[in-house]
Amino acid sequence: SQQGEEDPQALSIQEGENATMNCSYKTSINNLQWYRQNSGRGLVHLILIRSNEREKHSGRLRVTLDTSKKSSSLLITASRAADTASYFCATVHTGTASKLTFGTGTRLQVTL
Amino acid sequence: DAGITQSPRHKVTETGTPVTLRCHQTENHRYMYWYRQDPGHGLRLIHYSYGVKDTDKGEVSDGYSVSRSKTEDFLLTLESATSSQTSVYFCAISERDNGYTFGSGTRLTVV
């Protein structure tokens, strides 16, 4: 399986703190994406980083990609209670068209 | 999500019966996907489509078939439902090398 792994599986922080989630994958990729899923809802696309990029920002989100280590991290700065959700990394592997392979996710809890 | 709808949202069915889930998009995207989500497994690809009448298998395709006769509709059929197919099913759409847009999901229970 090409499925990636997220670390940690669960993370609990207080509002205002930063949250960092990590993702590792096994084979070469075209791009890596991060998604958020609120309980009982569909997934929402957050950010896409291509294999030739090392860092990308979107609002309070910062994503890094290290293709030599086959890993990525998602940083959420100044977290809010509304950031409470599960976060998934997903990869498009080389030679697989546009098919996304998802990791098992990190469950983030932000408390007041 | 805007532009993609799944039906039904919830369904309870008996073992051995056929079940069809529908995904409808208004975005005219080329690619459509069916995933299932189960605890401990994340999302796993069942089938996908890269155009009308062009479909292919994903990671967990056994027991499922799909059809895409129009750009906007992608149907997932469980030929003879089993308890192991109890899951939440998500449809998604995309254009190549862009992020996916997901539907709200169908919660299927096979009893």
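Residues numbered from 1 in each chain as written. Chains lettered and ligands numbered in written order. Predicted model: local features only at pLDDT ≥ 70, side-chain atom pairs only at ≥ 80, totals over all residues. Heavy atoms only, no water.

### Describing the interface of chain B and chain A
Right, so step 1: Across the boundary between the two partners, chain B contributes 21 residues, which contact 20 residues of chain A.
Right, so step 2: Counting across the chain B and chain A interface gives four residue pairs in polar contact (both at pLDDT 80 or more).
Right, so step 3: Of all the elements in the fold, those that place two or more residues in the side of chain B that touches chain A are β4 (31-38) and β5 (42-51) of chain B.
Right, so step 4: Taken together, the residues that form the side of chain B that touches chain A break down as nine nonpolar, eight polar and four charged. (Contact = heavy atoms within 4.5 Å. Polar contact = N/O pair within 3.5 Å; in protein donor to acceptor, adjacent residues only side chain to side chain. Helix = DSSP H or I, 4+ residues; strand = E, 2+ residues; numbered from the N terminus. Nonpolar A, V, L, I, M, F, W, Y, C, P; charged D, E, K, R; others polar.)

### A short note on unusual backbone geometry
Right, so step 1: The step from D7 of chain A to P8 of chain A runs through a cis peptide bond, and the omega angle for that step is 0 degrees.
Right, so step 2: In this fold, P8 of chain A is placed in the loop between β1 (5-7) and β2 (10-14).
Right, so step 3: Along the chain, S7 of chain B connects to P8 of chain B via a cis peptide bond; the corresponding omega equals -10 degrees.
Right, so step 4: Of note, P8 of chain B is situated in the loop between β1 (4-7) and β2 (10-13).
Right, so step 5: Positive phi, normally seen in glycine, also occurs at K70 of chain A, with a value near 55 degrees.
Right, so step 6: Here K70 of chain A is to be found in the loop between β7 (61-66) and β8 (71-76).
Right, so step 7: With a phi close to 45 degrees, A78 of chain A is a non-glycine residue in the positive phi region.

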